[in-house]
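What follows is the residue order along each chain.
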Amino acid sequence: MKSLTEEIVKRRVLTEVEKYPFFQKAVIALSGGKDSGSLLHVFMEVYPDKEVIPVHLNLGIGGFSEASERFARMQAEKAGLQLVVFNLEKELGFSIMDAKKLYPKVCSVCGGFKRYLLNRISFELDADIILTAHHLEDFLVRMLKSVLNAGFEELARFKTYLPRKGNLVAKGRPFCRVSENLIAEYAFLKGIPFLSEKCPIGRKENVERFRRTVEILARRQSQKLLYFSSLTKLAEKLHSCGAIPMPELKPCSSCGFLASSETCSFCARVRKIKAFLDREKAASF
Ligand SMILES: [Zn+2]
């Protein structure tokens, strides 16, 4: 017998994904945690005919990354799929821990790397869409932060679905109306193996504060959904009024992927990190 949690999660994922244009091949980013592990499971139950490729990025954050990869492998295996793993250290010669020496506030650099690499891998795999497991609270935190910090450009760019643009693969967030608690219940209900440990580099303190604020403002899920819908409408209005210029995209001079600057931030940072590590190595001789 299906539980109410399962019904709700499936229905919300279906309602969201049905808004996307037709697609056949989807990359699902698997971190090894409960959110992406549950997304893979729900998506395959709701869309058994779609082609799914689970992709994991091993970022080289010591034992945490090793455990994350192990859990992502278990989740893919449970789904009967082969996991594609990109190991940052093997592919690029440095880890996020190395990058942290140059960028002490490495979380935003790491986030940018993940977005860039997921797109590049999905483009090379000829995928139609990348699905990530950001949930309701993730979006509420992000949008609330934008409003309170007058980050109107970020808010205007906010979308739960991004269509394909040149070599930037379409992106969807099927869990945008599913709260974290429901996802956790779903993961337990379905016996999905997942790593509960959080990244040791840590989430930013201000993100945690915003998260607590969201819980104070909206104790019930229906309130969270209402705030989500209001903030989404505000973002759409900001976008459509034309008052906020959207950056023009052109191919990166180094990798060719569309970016808002001459050299994309990924290529620029990789170059800086490698030069820094070379200098460090030379100094140690
Ligand atoms: Zn580039």
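Conventions we followed
Residues numbered from 1 in each chain as written. Predicted model: local features only at pLDDT ≥ 70, side-chain atom pairs only at ≥ 80, totals over all residues. Helix = DSSP H or I, 4+ residues; strand = E, 2+ residues; numbered from the N terminus. Pairing = 2+ DSSP bridges. Contact = placed C-beta atoms within 7 Å. Axes fitted to C-alpha atoms, helices over the stretch in contact; angles between N-to-C directions. Domains from an automatic or database assignment. Nonpolar A, V, L, I, M, F, W, Y, C, P; charged D, E, K, R; others polar. Right-handed = clockwise from strand over helix to strand, strands pointing away. Core = buried A, V, L, I, M, F, W, Y, C linked by C-beta atoms within 7 Å. Buried ≥ 20, exposed ≤ 12 C-beta atoms within 10 Å, placed from the backbone. Expected span 1.5 Å × (residues − 1).

Student: Could you give an account of unusual backbone geometry, naming the residues involved and the relevant values?
Tutor: Of note in the backbone geometry, Asp126 takes a positive phi value of approximately 65° without being a glycine. Following the sequence through the fold, Asp126 ends up in the loop between α6 (106-124) and β4 (129-131). In this model, Ala150 sits at a positive phi of 55°, which is unusual for a non-glycine residue. For Ala150, the location among the structural elements is in the loop between α7 (136-148) and α8 (152-157).

Student: So what's going on with the sheet that holds strand β3 (residues 84-87)? Which residues, and what values?
Tutor: In spatial order, the strands read β3-β2-β1-β4-β6-β5; together these 6 strands make up an open sheet with mixed pairing. Edge positions in the sheet fall to β3 and β5 (161-162), since each of these pairs with one other strand and no more. Along the sheet, helix α3 (residues 62-78) makes contact with β2 (51-58) and β3, crossing β2 at roughly 170°. Running at roughly 140° to β2, α6 makes contact with β1 (25-29), β2, β3 and β4 of the sheet.

Student: A description of the domain arrangement of the protein should follow, citing residues and the corresponding values.
Tutor: Structurally, the protein comprises domain 1 (4-136 + 160-201) and domain 2 (248-285). Taken over C-alpha atoms, the centre of domain 1 sits 25 Å from the centre of domain 2. Every contact between the two is made by 16 residues of domain 1 and, on the other side, 13 residues of domain 2. Of all the elements in the fold, those that place two or more residues in the side of domain 1 that touches domain 2 are α5 (96-102) and α6. Classifying every residue of the side of domain 1 that touches domain 2 by side-chain character gives 8 nonpolar, 5 polar and 3 charged.

Student: Can you lay out the pairing of β3 for me, pointing to particular residues and giving the numbers?
Tutor: The pairing of β2 with β3 spans 4 bridges and is classified as parallel. Across the sheet, residue Asn58 finds its bridge partner in β3, namely Asn87. In this view, the connection linking β2 to its parallel neighbour β3 by way of α3 has right-handed handedness.

Student: So what about the nonpolar core? Which residues, and what values?
Tutor: Counting 42 residues, the largest nonpolar core has Val27, Ile28, Leu39 and Ile130 as its most contacted members. Leaving out residues up to four positions away in the same chain, Leu39 has contacts with Ile28, Leu131, Ala133, Pro174 and Phe175. Leu88, Ala259, Phe266 and Ile273 belong to the second largest nonpolar core, which has 14 residues in total.

Student: Tell me about α6, and please be specific about residues and values.
Tutor: Its 19 residues place the ends of α6 27 Å apart at the C-alpha level, agreeing with the 27 Å of an ideal helix rising 1.5 Å per residue. Along α6, the residues classified as buried are Cys110, Phe113, Tyr116, Leu118, Asn119 and Ser122. If you follow the buried residues of α6, they end up packed against β1, β2, α5, β4 and α12 (265-284). Of the residues trailing α6, Asp126 is marked for its positive phi of about 65°.

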